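# Notes for the structure review
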Amino acid sequence: MSQLPRIAFIGLGNMGGPMAANLVRAGYAVQAFDLSETAIAAARQAGAEVAASALDAVRGAQVVISMLPASRHVEALYLGQGGAGEGVLNAIEKGALVIDCSTIAPASAQKVAQAAAAKDVAMIDAPVSGGVAGASAGTLTFIVGGDAEALERARPVLQAMGKNIFHMGAAGAGQVAKLCNNMALGVIMAVTGEAIALGVAHGLDAKTLSEMMAVSTSRSWATEVCNPWPGVLENAPASRGYSGGFGNDLMLKDMGLAVEAAMGVGSAIPLGELARNLYALNKQAGRGGLDFSSVVKLVAKG
Ligand code: NAD
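Cut-off values and rules
- Residues numbered from 1 in each chain as written.
- Predicted model: local features only at pLDDT ≥ 70, side-chain atom pairs only at ≥ 80, totals over all residues.
- Heavy atoms only, no water.
- Helix = DSSP H or I, 4+ residues; strand = E, 2+ residues; numbered from the N terminus.
- Contact = heavy atoms within 4.5 Å.
- Near = heavy atom within 4 Å.
- Polar contact = N/O pair within 3.5 Å; in protein donor to acceptor, adjacent residues only side chain to side chain.
- Areas by Shrake-Rupley, 256 points an atom, 1.4 Å probe, with all protein chains shown as cover.
- Nonpolar A, V, L, I, M, F, W, Y, C, P; charged D, E, K, R; others polar.
- Domains from an automatic or database assignment.
- Buried < 20%, exposed > 50% of the residue type's maximum accessible area, 1.4 Å probe, protein only.
- Pairing = 2+ DSSP bridges.
- Core = buried A, V, L, I, M, F, W, Y, C linked by side-chain atoms within 4.5 Å.
- Salt bridge = Lys/Arg side-chain N within 4 Å of Asp/Glu carboxyl O.
- 1 Å grid on protein atoms, 1.4 Å probe; cavity = no way out; pocket = protein on both sides within 12 Å on 5 of 7 lines; lining within 4 Å.
- Points joined across faces, edges and corners; volume = space filled by probe spheres on them.

Right, let's talk about the environment of lysine 119 for a bit. Here lysine 119 is to be found in the loop between helix 5 (106–118) and strand 6 (122–125). Separated by 30 residues in sequence, lysine 119 and leucine 89 have C-alpha atoms that sit 7.5 Å apart. Apart from residues lying up to four places away in sequence, lysine 119 is in contact with Leu89, Asn90 and Lys94.

Right under this line is the structure:
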């Protein structure tokens, strides 16, 4: 008889789907829920039990994991629509642990953690880095905010889905750190695309240029793993019409959260604000649903 906690997993999209599948593979009983039929079918295929609603999913679970798009989805799930108090926090067992892996506003993470604490439910914010490939391979980095004690309870579950765990501080601190990472990533991707487009406009070969950059001082995830130029890396979203990967709209959300976070403490983030506008322009150009590396199309000729 397994001693592993029963897990509710809510939000089975590009990231949540493979994360839930890794928990099943590690031997956990997973009660999964998503609004999308496609996502539910994939979770069932991976061996999760499918619940009829989020409320049903959390009943009897000792650990609840959510992987939802944005703050409003997370607040609505736990607190109810408009904070009306009909959220799943009412159905989660006392003493259970909530792990929210979505990337949301630090203030939202704190608000939900406080409401959870009032119901004797521990909560950590644990946004991730590593993309869809990291979610599938079980090599995600978890960036955690919340009590050290709650993190220790979560650790074995996180280790079934990831490789690195960083404790950044109290509730919301994981989200702040995640926004710092993604703001830097957004800027690096945009400028890497500009550099390759400049080289190509001068007749250089994008692949040779990228290979040189990947072993030189501008080396980054954007040159090595998710190169924005089509055909440079076979497995990058750019080489399959910018499908899959990390959506432009999600990057735009994260850059907006970084701008809000900067305003909250009076920080200057000139490059972050500029890059946020590039992702907004990329959305206006009809590429909101494509991988964020499609931002290169704003500057690529032809
Ligand atoms: P996604 O849009 O593929 O998946 C989100 C899922 O949530 C969808 O299947 C949707 O149907 C479901 N959903 C929405 N509201 C729901 C509700 N009330 N109840 C149940 N299910 C609901 O998004 P994703 O790419 O998996 O990203 C999820 C989160 O992870 C986001 O916050 C994103 O910023 C973050 N993130 C994504 C990546 C990436 O590479 N995709 C990397 C790191 C972090």
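Next comes the rest of the description.
Once that is clear, we can look at the site of the ligand. The immediate surroundings of the ligand are formed by 23 residues, with Asn14, Met15, Asp34, Pro69 and Lys253 found nearest. Between the ligand and asparagine 14 there is a distance of 2.9 Å, counted from an oxygen atom to a backbone nitrogen or oxygen. The contact in question runs from an oxygen atom of the ligand to an N or O atom on the backbone of leucine 68, over 3.0 Å. Burial of the ligand by the protein amounts to 85% of the accessible area it has alone, namely 840 Å². Of all the elements in the fold, those that place two or more residues in the shell around the ligand are helix 6 (131–137) and helix 11 (248–265). Along the lines of polarity and charge, the residues of the shell around the ligand split into 11 nonpolar, nine polar and three charged. Shared between two domains, the shell around the ligand takes at least three residues from each, and those domains are domain 1 (7–170) and domain 2 (176–298).

So, about the pairing of strand 8 (residues 140–145). Here strand 8 lies mainly inside the structure; six of its six residues are buried. In strand 8, alternate side chains face the same way, and those of Leu140, Phe142 and Val144 on one face and Thr141, Ile143 and Gly145 on the other are all buried. Across two bridges, the pairing between strand 7 (residues 128–129) and strand 8 is antiparallel. By the bridge assignment, valine 128 is partnered in strand 8 with phenylalanine 142. Relative to strand 9 (residues 162–169), strand 8 runs parallel, the two being bridged by six bridges. Its bridge partner being in strand 9, valine 144 is matched across the sheet by histidine 167.

Turning our attention to the nonpolar core. Counting 34 residues, the largest nonpolar core has Phe9, Met19, Leu23, Ile65, Ile99 and Phe142 as the members making the most contacts within it. Those elements giving two or more residues to this core turn out to be strand 1 (7–10), helix 1 (16–25), strand 2 (30–33), helix 2 (37–45), strand 4 (63–66), strand 5 (97–100), strand 8 and helix 7 (148–159). With five residues, helix 7 is the single largest residue contributor to this core. Ignoring any residue separated from it by four or fewer positions in sequence, one finds phenylalanine 9 in contact with Gly16, Met19, Ala20, Leu23, Val30, Gln31, Ala32, Phe33, Ile65, Met67 and Met161. Among the nonpolar cores identified, the runner-up in size contains 27 residues, and Ala54, Leu68, Leu77 and Tyr78 belong to it.

We now examine the pattern of salt bridges. On inspection of all chains with the given rule, the structure shows seven salt bridges. Measuring nitrogen to oxygen at the nearest pair gives 2.9 Å for the salt bridge that ties arginine 155 to glutamate 152. Taken as a pair, arginine 155 and glutamate 152 lie in helix 7 at a separation of three residues, close to a single helical turn. For arginine 155, a relative accessible area of 26% corresponds to the partly exposed category. By relative accessible area, glutamate 152 is classed as partly exposed at 44%. In this structure, lysine 283 and aspartate 249 form a salt bridge, with 3.3 Å as the shortest nitrogen-oxygen distance. Of this pair, lysine 283 sits in helix 12 (residues 270–287) while aspartate 249 sits in helix 11, placing them 34 residues apart in sequence.

What follows deals with the layout of surface pockets. If you add up the space inside the second largest pocket, you get close to 250 Å³. Those elements that place two or more of their residues in the lining of the second largest pocket are helix 5, strand 6 and helix 7. A total of four residues in the lining of the second largest pocket trace back to one element, the largest contributor, which is helix 5. For the lining of the second largest pocket, the class distribution of residues is eight nonpolar, three polar and four charged.

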